[in-house]
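Remarks on the overall topology
Single-letter residue listing:
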Amino acid sequence: MATPRRDPLTLEVVELIGTVVARYYEEYEEAAAAHSLTGAQARVLGLLSLEPMPMRRIAQKLKCEPSNVTGIVDRLETRGLVERRPDPADRRVKLAAPTELGARTAQQLRDSLTFAREPLAELSEEDRTMLRDLLRRMLGGPGPSAGQALRTAVWNR
């Protein structure tokens, strides 16, 4: 196991990343609340706006228990934002999918998240590309999967 870096630059970068994450989640919670949603409900709705999926996969993506997701989807369904439908590939499986209202709400949520978008717009395309590539390297991968690329394309519409 590598020895953790404790030099001032590394510590500052870690602190800045933490600040960015905290501000992003704060804005996300505010955007969710503006639609009378919890942050978890907004995240599930955002995921489903990309593609319908079974509860188990939602739980995997959010790194939580499927029973938690079931409750969240139940509440979204009660509000008319999500519906359950049979999976065309396996009719024993139910997919959660956004309704038309749910898709519009997810889009409004995305549009209201300006914290990262506005400062990033101040960076050149070259700087944004460099930042993206560095973040990918930090996460241990060469680049996004097809699903990540799709999510990025949908969230940035």
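An account of the accompanying structure is given in this report.

Each value, and the rule that gives it
Each chain has its residues counted from 1, running along the sequence as written. Owing to the predicted nature of the model, reporting of local features is limited to residues with pLDDT of at least 70; listing and counting of side-chain atom pairs is limited to 80 or more, with chain, interface and lining totals taken over all residues. Just so you know, side-chain values use all the structure's heavy atoms and leave hydrogens and water out. Pairing between strands is defined by DSSP: at least two bridges between them are needed. Put simply, DSSP marks the helices as runs of H or I at least four residues long and the strands as runs of E at least two long, and each gets a number from the N terminus on. In what follows, salt bridge is the name for a side-chain nitrogen of Lys or Arg lying within 4 Å of a carboxyl oxygen of Asp or Glu. Throughout this description, buried means an accessible area under 20% of the type-specific maximum (1.4 Å probe, protein chains only), exposed means over 50%, and partly exposed covers the range between. Angles here are taken between N-to-C directions and fall from 0 to 180 degrees, while the axes themselves are lines fitted to C-alpha atoms, restricted in helices to the stretch in contact. In a left-handed crossing the near helix is turned counterclockwise from the far helix by less than a right angle, and in a right-handed crossing that turn is clockwise. Any pair of residues with heavy atoms lying within 4.5 Å of one another is described as a contacting pair. Note on residue categories: nonpolar means Ala, Val, Leu, Ile, Met, Phe, Trp, Tyr, Cys or Pro, charged means Asp, Glu, Lys or Arg, and polar means any other residue, Gly included. Think of it this way: a Phe, Tyr or Trp ring, Trp meaning its six-membered ring, pairs with another when their centres are within 6.5 Å, and the plane angle makes it stacked under 30 degrees, edge-to-face over 60, tilted otherwise. The span expected for a helix works out to 1.5 Å for each residue beyond the first.

Let's talk about the pairing of strand E2 (residues 90–98)
Where strand E1 (residues 82–87) lies against E2, 6 bridges are found, and the strand directions are antiparallel. Across the sheet, the residue bridging to Val82 is Pro98, located in E2. With antiparallel pairing between neighbouring strands as the criterion, E1 and E2 make up a hairpin whose turn holds 2 residues.

Examining the pattern of salt bridges
What the rule picks out here adds up to 9 salt bridges. A salt bridge links Arg104 to Glu100, with the shortest nitrogen-to-oxygen separation between them at 3.2 Å. Of this pair, Arg104 and Glu100 both sit in helix H5 (residues 100–112), separated by 4 residues, roughly a single helical turn. Owing to a relative accessible area of 43%, Arg104 belongs among the partly exposed residues under this scheme. Judged by relative accessible area, which is 64%, Glu100 ranks as exposed. Two residues, Arg136 and Asp133, come together in a salt bridge whose shortest N-O distance is 3.9 Å. Here the residue Arg136 and the residue Asp133 both occupy positions in helix H7 (residues 125–138), the gap between them amounting to 3 residues, near one helical turn. Look at the salt bridges and you will find they share partners, linking Asp74, Glu77 and Arg84 into a network.

Quick look at the packing of helix H2 (residues 39–50) against helix H3 (residues 55–62)
Look at H2 against H3: their axes get within 11 Å of each other, and the N-to-C directions meet at 115°. Note on packing geometry: the crossing formed by H2 with H3 is right-handed. Of the residues in H3, those touching H2 at Arg43, Val44, Leu47 and Leu48 are Ile58, Lys61 and Leu62. Taken together, the residues of the contact of H2 with H3 sort by class into 5 nonpolar, no polar and 2 charged.

Comments concerning the packing of aromatic side chains
Inspection of the entire model under this criterion finds 2 aromatic pairs. Seen from their ring centres, Tyr24 and Tyr25 are 5.8 Å apart, and the 75° between their planes marks the pair as edge-to-face. Looking at Tyr24, the relative accessible area reads 33%, which means it is partly exposed. Classification of Tyr25 by relative accessible area gives partly exposed; the value is 41%. Between Tyr24 and Tyr28, the ring centres sit 5.8 Å apart and the planes meet at 35°, which makes this aromatic pair tilted. Within this pair, Tyr24 and its partner Tyr28 are both found in helix H1 (residues 8–34), separated by 4 residues, close to a single helical turn. Judged by relative accessible area, Tyr28 falls into the buried class, the value being 5%. Ring-pair connections join several aromatic residues into one group, and the members of that group are Tyr24, Tyr25 and Tyr28.

Thoughts on unusual backbone geometry
Even without being a glycine, Ser36 presents a positive backbone phi close to 55°. Along the chain, Ser36 turns up in the loop between H1 and H2.

Details of H2
With 12 residues, H2 ought to run about 16 Å at 1.5 Å a step, and its terminal C-alpha atoms sit 17 Å apart, in line with that. Counting buried residues along H2, 10 of its 12 residues qualify, which places the element largely inside the surrounding structure. Burial in H2 covers these residues: Gly39, Gln41, Ala42, Val44, Leu45, Gly46, Leu47, Leu48, Ser49 and Leu50.

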